[in-house]
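Listed below are the residues making up each chain.
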Amino acid sequence: MENTRKMPRRSPWLGLLVVASVLLLVDSKKARPRCPQSCTCTKDNALCESAGLIPRSFPSDVISLSFVKSEFTEIPKESFIHTPALHLLLFTANNLESINEDAFLGLPHLEYLSLAYNNLETLPKDLFKGLEALTKVDLRGNQFTCDCKLKWLVEWIYSTNATVDQIYCKGPASQLDKKINDLVPQSFDCITTEFASYQSLKFESISVEAFSFRNDQYVVFAQPFIGKCSFLEWDHVEMVFRNFDDIDSTSTVICKPLVIDNQLFVIVAQLFGGSHIYKRDTSANKFIKLQGIDILRIRKPNDVETFRIDGESFFVIADSSKAGSTTIYKWNGNGFYSHQSLHPWYRDTDVEYMEISSKPHLILSSSSQRPVIYQWNKSTKLFDRRTDIPEMEDVYAVKHFQVKSDLFICLTRFIGDSKVMRWDGALFREMQTMPSRGSMVFQPFAVGSWQYAILGSDYSFTQVYRWDAKEDQFVRFQELNIQAPRAFSPVSIDNRQFLLASSFKGKTQIYEHLVIDLSN
């Protein structure tokens, strides 16, 4: 029999010992992080002078790190993520242009942070977030602009337990040399607004009205070239305005909705073929013609205004023809009938209803005379001529608005300057002038707590003005590019605010009113 030789058995620990030996050898050959070339390191400190960038690694026992007269101008994101043991971090006499908001991420033990004398003008929001161990922050000697971008720092100083030496504002002019430590968040006005383009409608229009009917919101545009009142409704799913219905007409200039006792009427003013009143038949889901309007009185309608006095519903049509007459119509329960003709032959271009000292008034604008003010007579239930607005020739339209208890009017002039006037208890006095060559609309309106006025132009950009309570007047706010604007109307839907703009020579536009926090 062949003699076989048995191999000796290996100990089960031999493999583990070999692996351990290899690992120890590799670990012993690993180079510990050295002190970066631009830095000087001692046992637990590192000083970097004239460094071109922030090194990514330092000896593990470094707990104090300083940068002086550095060549880099920014502190990038997570610059010290590999040195979590830092207790002290100093940047002194550098020329820093920016600091990333996450520059100091991953430093849970940092107690002292010095950003003094670095020519900093601002700091990113929440820069010190996560630095729970901070006891001292040095921000002296910088050039801080105390605007909305720095509001967060004021809030942080107010709430932190860390000590912050006195620092000063170097701008803007209103905050120059003020102590940042003494500012409060209310020192900053950081909420602003903007009208942003939202939807473009592929048709021209000359008037626009927003209205509510049976808990739904609608808008209607008058399209003169195709002779149509176009009704749109809000699509709550697609979040856009969509077609709802139309009223076909001829050379339509105004489509004015009027809701009485939960019934919807629409006054359709036309240049040719007479004007008419339509009623919404909810059972048939369509508009039906209710009645015509006397063509002998209303020959060339230019504006329609609706109003209520003592619970009764009226509308008035301004007639701009030589032979027509501006006329008030009243609802009698079955239809509308002529209630009062104000004056013939004056070629009225606009009529505005308002209350002056709690009394109903009308202001008629005309191409042949100054704006005339009529006051409601409770005894005769008619409007009596009261006065005119002196030295205000060539006014195309008058629109009113209120700021607190003060009453104002905006007067539109196609040639010359448009005006803002204030009621002083006896008459309207001029308070502001706006250049307005080619203007057919100067429309005031409010969105939330903001008061605006839009001055359209056929020859240049449309100017949006916003009321400045401190200046007690309108200030130029924004420009909109609208071709030949003729009317504007705000509307609020689904907690969103929109501005509808009719365009006589281009696409009808819809803008969204955005509220912007500049401190974010």
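Everything below is about the structure shown above.
Residues numbered from 1 in each chain as written. Predicted model: local features only at pLDDT ≥ 70, side-chain atom pairs only at ≥ 80, totals over all residues. Heavy atoms only, no water.

Novice: Account for the side chain of Thr 412, naming residues and giving values.
Specialist: Assignment of secondary structure puts Thr 412 in strand β30 (residues 406-412). Polar contacts involving the side chain of Thr 412 include one to the main-chain amide nitrogen of Phe 442, which spans 3.1 Å. When neighbours within four sequence positions are excluded, Thr 412 is seen to be in contact with Asp 394, Val 395, Tyr 396, Ala 397, Ser 418, Ser 439, Met 440, Val 441 and Phe 442. (Helix = DSSP H or I, 4+ residues; strand = E, 2+ residues; numbered from the N terminus. Polar contact = N/O pair within 3.5 Å; in protein donor to acceptor, adjacent residues only side chain to side chain. Contact = heavy atoms within 4.5 Å.)

Novice: Any details on the state of the cysteines? Residues and values, ideally.
Specialist: Tallying each qualifying case throughout the model produces 5 disulfides. Here Cys 146 pairs with Cys 169 through a disulfide, and the sulfurs are 2.0 Å apart. Taking the torsion about the S-S bond as the criterion, the Cys 146 to Cys 169 disulfide, at about -100°, is left-handed. Within this pair, whereas Cys 146 is found in the loop between β9 (144-145) and α2 (151-159), its partner Cys 169 is found in strand β11 (residues 169-171), the two being separated by 23 residues in sequence. In this structure, Cys 146 and Cys 169 share a single accessibility class: buried. What pairs with Cys 229 in a disulfide is Cys 255, and their sulfur atoms sit 2.0 Å apart. On the sign convention where negative is left-handed, the bridge of Cys 229 and Cys 255, at about -85° about the S-S bond, is left-handed. Residue Cys 229 is found in strand β15 (residues 228-235), and its partner Cys 255 is found in strand β17 (residues 252-260); the two are separated by 26 residues along the sequence. For the pair Cys 229 and Cys 255, one class covers both residues: buried. (Disulfide = S-S within 2.5 Å. Buried < 20%, exposed > 50% of the residue type's maximum accessible area, 1.4 Å probe, protein only.)

Novice: Before we move on, can you summarise the pattern of salt bridges with the specific residues and values?
Specialist: In this structure the tally under the stated criterion is 22 salt bridges. Arg 297 is paired through a salt bridge with Asp 294; the nearest N and O atoms lie 3.0 Å apart. Using a relative accessible area of 29% as the deciding quantity, one classes Arg 297 as partly exposed. You can call Asp 294 partly exposed: its relative accessible area is 30%. (Salt bridge = Lys/Arg side-chain N within 4 Å of Asp/Glu carboxyl O.)

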